[in-house]
Amino acid sequence: MEITNEEQKQLRSFLESTNTRAFLLLKDGKIVLEEYFGKDLLTGQNFNKDSYWYWASAGKTLTAFTVGLAQEQGFLDLNQKTSDFLGVGWTAMPKEKEDLVTVKHQLTMTSGMDLELPDPFCFEPQCLQYKADAGTRWDYHNGPYTLLDNVIANATKQNFDTYFNQNLRDKIGMDGFWRYVNNNHVYFSTARSMARFGILMMNNGDWDGEEIMTDKSYFNSMINTSQNLNEAYGYLWWLNGKDTGMVPGVQIVFKRWITPNAPKDMFAAMGKNGQQLNIVPSRNLIVVRMGDSPDASQTGIQFQDDMWAELNKILD
């Protein structure tokens, strides 16, 4: 892949104007472009390859991968009810409704719990209230998702961070750490570590000859439509190229791809303010973007499409 200086200059201008901090483009597992902008918030120095940034909801995909590892190691089954791991009364729902919720419902945003609460990120029992039977409603609800960490911890009888580090992070040479930010469990790392996770996903869960995830059935399910309500959602991954899809915050089914300017087979980790890990198997491309919100009017989904409009100008 050859990118001219003028093409690189134009892309860099777009990225800088949209508050990007880090941008990586990989082809065949190798870095083709690597750009950094602005200041590191911790050190005050220029943002660079060693600077840490938050993944926001893009980090949900790390959790999805970790759930798969816990299942293949025999610690849990996706079809088990969540109360097997969190105990009775982990929600404010009647027991018969609580018992409908499985680990898979948490992975697919189909727990059926009410999102219209003062704090939709809260995962305390009083915040997890009944809206619909599990599996009958898709709603981007962070509370039930965040409790997957506790499911993994209780199933494996290990601290979640320790289990994640030993079974995923350290095996592929990622840096980074989890921190609670209000009610969100957020991952922080360098952009290159996000790219490493992208390479793992591009290689179907294998890393340098080692199968990090041996359960290829789970892996494939993770990056394909996971339920019949939102075609564009797998196990916490966003899927392009689907005839219909839903987005956070509204109960509307849109008849369009999530990212029309991107290749059909792209699947993506997406987080607040445009944290993005895009993977395109057909072209062996990985795109990483970390940064602040592109502007006050754009959602991360819209920015991702705008970014691909720019990328299409330089990609062969």
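Please refer to the structure higher up on the page.
This part covers helix 8 (residues 160-169). Within helix 8, seven of the 10 residues are buried, leaving the element largely enclosed by the surrounding structure. Of all the positions in helix 8, only Phe-160, Tyr-163, Phe-164, Asn-165, Asn-167, Leu-168 and Arg-169 are classed as buried. Where the residues of helix 8 are buried, they touch helix 2 (60-72), helix 7 (148-156), strand 4 (177-181), strand 5 (184-189) and helix 9 (191-202).

Moving residue by residue along a regular strand, the side chains alternate between the two faces of the sheet. By the criterion of burial, strand 5 is predominantly enclosed, with five of the six residues buried. Relative to strand 5, strand 3 (residues 53-54) is paired through two bridges, and the arrangement is antiparallel. Bridge pairing in strand 5 links Tyr-54 to Phe-188. Sheet topology note: the strand 4/strand 5 ladder contains five bridges and is antiparallel. Pairing of Arg-179 across the sheet is with Val-186, part of strand 5. Between strand 4 and strand 5, which pair antiparallel and follow one another directly, the connecting turn spans two residues, one of which, Asn-182, has a positive phi of 55°.

So, on to helix 9. Its 12 residues place the ends of helix 9 16 Å apart at the C-alpha level, agreeing with the 16 Å of an ideal helix rising 1.5 Å per residue. Judged by how many residues are buried, helix 9 sits mostly within the fold: 10 of 12 residues are covered. Every buried residue belonging to helix 9 is among Ala-191, Ser-193, Met-194, Ala-195, Phe-197, Gly-198, Ile-199, Leu-200, Met-201 and Met-202, and all of these are buried. A positive phi of about 60° marks Asn-204, the residue just after helix 9.

Take a nonpolar patch on the surface next. On the surface, a cluster of nonpolar side chains totalling about 210 Å² of accessible area is made up of Val-250, Ile-252 and Phe-254. Turning to its location among the elements, Phe-254 is positioned in the loop between strand 8 (238-239) and strand 9 (267-271).

Thresholds applied
Residues numbered from 1 in each chain as written. Predicted model: local features only at pLDDT ≥ 70, side-chain atom pairs only at ≥ 80, totals over all residues. Heavy atoms only, no water. Buried < 20%, exposed > 50% of the residue type's maximum accessible area, 1.4 Å probe, protein only. Helix = DSSP H or I, 4+ residues; strand = E, 2+ residues; numbered from the N terminus. Contact = heavy atoms within 4.5 Å. Pairing = 2+ DSSP bridges. Expected span 1.5 Å × (residues − 1). Patch = residues over 30% accessible without salt bridge, like charges linked within 9 Å, V, L, I, M, F, W, Y side chains within 5 Å. Areas by Shrake-Rupley, 256 points an atom, 1.4 Å probe, with all protein chains shown as cover. Salt bridge = Lys/Arg side-chain N within 4 Å of Asp/Glu carboxyl O.

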